[in-house]
Amino acid sequence: RRGGYQELLKSIWHAFRALDLDQRGKVSKSQLKVLSHSLCTVMKIPHDPVALEEHFRDDNEGPLSNQGYMPYLKRFILDKVQEDFDILEFNKVCWTLCCKKNICVKHLLISEDDAFKVWCIFNFLSEDEYPLVIVVEEIEYFLRKLMEASGGGGGEGRWSEEKLRLSLKSNSLTVWELLHLLGSGYFSKGLSHHSLSMGISELFQELILDVLKQGYMMKKGHKRKNWTERWFVLRPNSLSYYISEDLVEKRGDIVLDQFCSVESLADKEGRKCLFIIKCSDKSFEISASDKKKKQEWIQAIQTCIQQLSLGLSSPHREARLRRRELRQRQQVQVEDLEDRMKQLQAANENKQRQLEEMRKKMEEAAERATMEEYRRKRTQADLQNRYQLDLEREKMVRQQMEKQIAQKSSELEQYLQRVKELEDMYHQLEEALEDERQAKLDEEAMRKLQARLLNEEAGKRAELEQLHLSQQMALSQTEAEKQELVAEQLAKERQLQAAMSQLDKLESERQEALEKYKEVSRKLEHAANKTKTWKDKVAKHEGLVRLIQPGHKGPQRITNWGLASITDTELEMRKKSWQKRKNEDAQ
């Protein structure tokens, strides 16, 4: 009912605006009484003048409505609306009140009846906002449908120009502007008045009267089973059939719902292009004029049944809702785009401020750079003067360096001589170390010899004791044997003397070996001290003597002393000395 209210309110709004002479949104109470009475009469609602008087009470400003006509309409008229009133008569009442004030039909190329139909189509296609206007997309839809119904396509180029012109002023038209453009022939060049009138009527029947399809077909009767030609009119929920196309005498209605169905039938009884509409209570057999018309009617009726099963209204009303939803989404997108543009503009302004600040800073930096350039030039002049002095000083320093290089060269020769001496001393040290090692080996051999001699001496002494014991035993046995024992004793004493002399000789050899060991130890200690002294000297010379030579352009060598300031030969010599010291420490 809300959609119905909106369409009714649009017609009432035109009538109210026609009565609002000074365009202040207020109408005199007498005129509102006449308008309300006319609306109640045409809509078959009992009129209550007492309620109107109570609703619109007079005030100190005069007999003007001060509580609003819209609440009165909703409470006393629209809420009581029934669906059995004639909507065309209702629209004609509202059209009669507003058309003569806003437009002169005599100066238009279309009739007053066609203007009324365009006015009704405008109310259907206009936005649900006041004041009522029709937007560009709906104007384009209306003109395209009108040209299709009129059988002409010459208005497309003119429509493109008009759309461009409208885009420069506004994207919408009022109903009177639309009637003026259409009645002046702006969109209908190349079409006859009759074709244009037929196109308006066909579009009016489709959009306002919900006529989806109409035409003559043959219908089979239910009682006499005869075939009669009827004028059929298809609406979203019914298929009505009349005696003729003037729609004066209706012969019946085929009520469509979601349980109905339409099917094609085979030719029979001399009839061709047959189809049947099956409803819950009865079925209807119909014959079209040709196969194309038959298929069109079946498709149109099937579409209505599908719309009813989905709970949808007529196709053109659903299309209007989809177009409005699309415009709303586009409007939301446009608003979002405008918001983003505002944000971008704010960001751009912020960037402009930052750029301005940067420009000022750059100007200040340029001024500072100019001052710095002036100072740099002065500094450069001072530096040139200093550079001349530095060149002279460098020349003197170079000469001194040449002298120092010559002196260092002589020192280098002395150093090389000392290095050579050190190498000789290293050789001598190696020989001394070898002698020390040999002495240690000899000492070990003497120790082993001494131990062996001591063992032999102990054995001899044990043997002598045995001889002495045997001698005492021999002396105790017999005197006769004494002589033999004396002789034997003498022999044994001689042997003992020989052993004693041999023992003394071994003792002297051991003493001599001990003296040699001490001498070798002294030599070893002397050589070690001498080696340590030369190590200190070499270390001192290695730390102090550096050959200063002009550098070469190749990559610099990195050593443990930093950037290399010695030659490759000296580096090899140092490697050899380091290896020798390492071997000595290991030994």
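Now for a look at the structure at hand.

Thresholds applied
Residues numbered from 1 in each chain as written. Predicted model: local features only at pLDDT ≥ 70, side-chain atom pairs only at ≥ 80, totals over all residues. Heavy atoms only, no water. Helix = DSSP H or I, 4+ residues; strand = E, 2+ residues; numbered from the N terminus. Buried < 20%, exposed > 50% of the residue type's maximum accessible area, 1.4 Å probe, protein only. Contact = heavy atoms within 4.5 Å. Areas by Shrake-Rupley, 256 points an atom, 1.4 Å probe, with all protein chains shown as cover. Polar contact = N/O pair within 3.5 Å; in protein donor to acceptor, adjacent residues only side chain to side chain. Pairing = 2+ DSSP bridges. Phe/Tyr/Trp six-rings, centres within 6.5 Å; stacked < 30°, edge-to-face > 60°. Lys NZ or Arg CZ within 6 Å of the ring centre and 35° of its normal. Core = buried A, V, L, I, M, F, W, Y, C linked by side-chain atoms within 4.5 Å. Patch = residues over 30% accessible without salt bridge, like charges linked within 9 Å, V, L, I, M, F, W, Y side chains within 5 Å. Salt bridge = Lys/Arg side-chain N within 4 Å of Asp/Glu carboxyl O. Axes fitted to C-alpha atoms, helices over the stretch in contact; angles between N-to-C directions.

This part covers the overall build of the protein chain. Along the backbone of the protein chain there are 14 helices and 11 strands. A buried classification covers 32% of the 587 residues belonging to the protein chain. Across the protein chain, the fraction of contacts at a sequence separation of at least 24, relative to all contacts at a separation of at least 6, is 61%. Accessible surface computed for the protein chain: about 38,900 Å², of which carbon and sulfur atoms make up 52%.

Further remarks concern the environment of Lys 268. Relative to the assigned elements, Lys 268 resides in the loop between β7 (261-265) and β8 (274-278). Dropping the residues within four chain positions of it, Lys 268 is found in contact with Leu 274 and Glu 285. Within the structure, the side chain of Lys 268 is placed 3.4 Å from the side chain of Glu 285, a separation counted as a polar contact.

A separate point is the pairing of β8. Burial analysis of β8 places 4 of its 5 residues in the buried class, which makes it a mostly covered element. One ladder, built from 5 bridges, connects β7 with β8; its direction is antiparallel. In the strand pairing of β8, Val 262 is matched with Ile 277. Direction of pairing for β8 relative to strand β9 (residues 283-287): antiparallel, over a ladder of 5 bridges. Bridged to Ile 277 within β9 is Phe 284.

Turning our eyes to something else, we now look at the packing of aromatic side chains. Tallying each qualifying case throughout the model produces 8 aromatic pairs. Geometrically, the ring pair formed by Trp 95 and Phe 116 is edge-to-face, given 6.1 Å between the ring centres and 65 degrees between the ring planes. Of the two residues, Trp 95 sits in helix α5 (residues 87-102) while Phe 116 sits in helix α6 (residues 112-125), which places them 21 residues apart along the sequence. As far as the burial class goes, Trp 95 and Phe 116 line up, both buried. Each ring, one from Phe 116 and one from Phe 204, has its centre 6.3 Å from the other, and the planes form 50 degrees; the classification is tilted. With Phe 116 in helix α6 and Phe 204 in helix α10 (residues 193-207), the pair connects residues that are 88 residues apart, well separated along the chain. You can call Phe 204 buried: its relative accessible area is 4%. Of the aromatic side chains, those joined through ring pairs into one cluster are Trp 95, Phe 116, Trp 119, Trp 176 and Phe 204. We note Arg 323 situated over the ring of Tyr 141; from NZ or CZ to the ring centre the distance is 3.7 Å. The ring of Tyr 517 carries the charged tip of Arg 447 above its face, separated from the ring centre by 5.6 Å.

For the rest of this paragraph, the subject is the pairing of strand β3 (residues 213-220). Bridging between β3 and strand β4 (residues 227-235) involves 8 bridges; their strand directions are antiparallel. In the sheet register, Gln 214 faces β4, and the bridge partner there is Val 233. Connecting the antiparallel pair β3 and β4 is a turn made up of 6 residues, with Lys 225 showing a positive phi of about 60 degrees. Both β3 and β9 contribute to a ladder of 2 bridges, which runs antiparallel.

With that settled, the discussion passes to the nonpolar core. Ranked by size, the top nonpolar core spans 64 residues in total, and within it Leu 39, Met 43, Tyr 69, Phe 90, Trp 119, Phe 142 and Leu 179 carry the most contacts. A total of 9 residues in this core trace back to one element, the largest contributor, which is α6. Of all hydrophobic cores here, the second largest spans 21 residues; its members include Leu 234, Ile 254, Cys 273 and Phe 275.

We now examine a nonpolar patch on the surface. A surface patch of nonpolar side chains, about 300 Å² in accessible area, is lined by Leu 337, Met 341 and Leu 344. Structurally, Leu 344 is set in helix α12 (residues 315-477).

A separate point is the sheet that holds β3. The strand order across the open sheet formed by 7 strands is β6-β5-β4-β3-β9-β8-β7, and the pairing between neighbours is antiparallel. Of all strands in the sheet, those bounded by a partner on one side alone are β6 (250-255) and β7. When strand polarity is set aside, the average angle formed by the axes of neighbouring strands in this sheet is 35 degrees. Packing against the sheet, helix α11 (residues 291-309) makes contact with β3, β4, β5 (238-242), β7 and β8, and its axis sits at approximately 160 degrees to β7.

Let's shift gears to the environment of Gln 450. Within the secondary structure, Gln 450 is located in helix α12. With a relative accessible area of 22%, Gln 450 lands in the partly exposed category. For the pair Gln 450 and Gln 511, spaced 61 residues apart in the sequence, the C-alpha separation amounts to 9.7 Å.

Tallying each qualifying case throughout the model produces 28 salt bridges. Note that Arg 251 and Glu 249 form a salt bridge whose closest N and O atoms lie 3.1 Å from each other. Salt-bridge contacts for Glu 436 lead to Lys 440; the nearest nitrogen and oxygen are separated by 3.9 Å. On the criterion of helical spacing, the pair formed by Glu 436 and Lys 440 is a turn pair, its members being 4 residues apart in helix α12. With relative accessibility at 11%, the residue Glu 436 sits in the buried group. Shared partners join several salt bridges into a network, and the residues in it are Glu 127, Glu 138, Arg 323 and Arg 327.

Next up on the list: unusual backbone geometry. With omega at 0 degrees, the peptide bond leading from Tyr 130 into Pro 131 counts as cis. Tracing the chain through its elements places Pro 131 in the loop between α6 and β1 (134-135). Positive phi, normally seen in glycine, also occurs at Lys 44, with a value near 60 degrees. You can see Lys 44 is positioned in the loop between α2 (29-42) and α3 (49-55). One non-glycine residue, Cys 273, lies in positive phi territory at about 55 degrees. Topologically, Cys 273 is positioned in the loop between β7 and β8.

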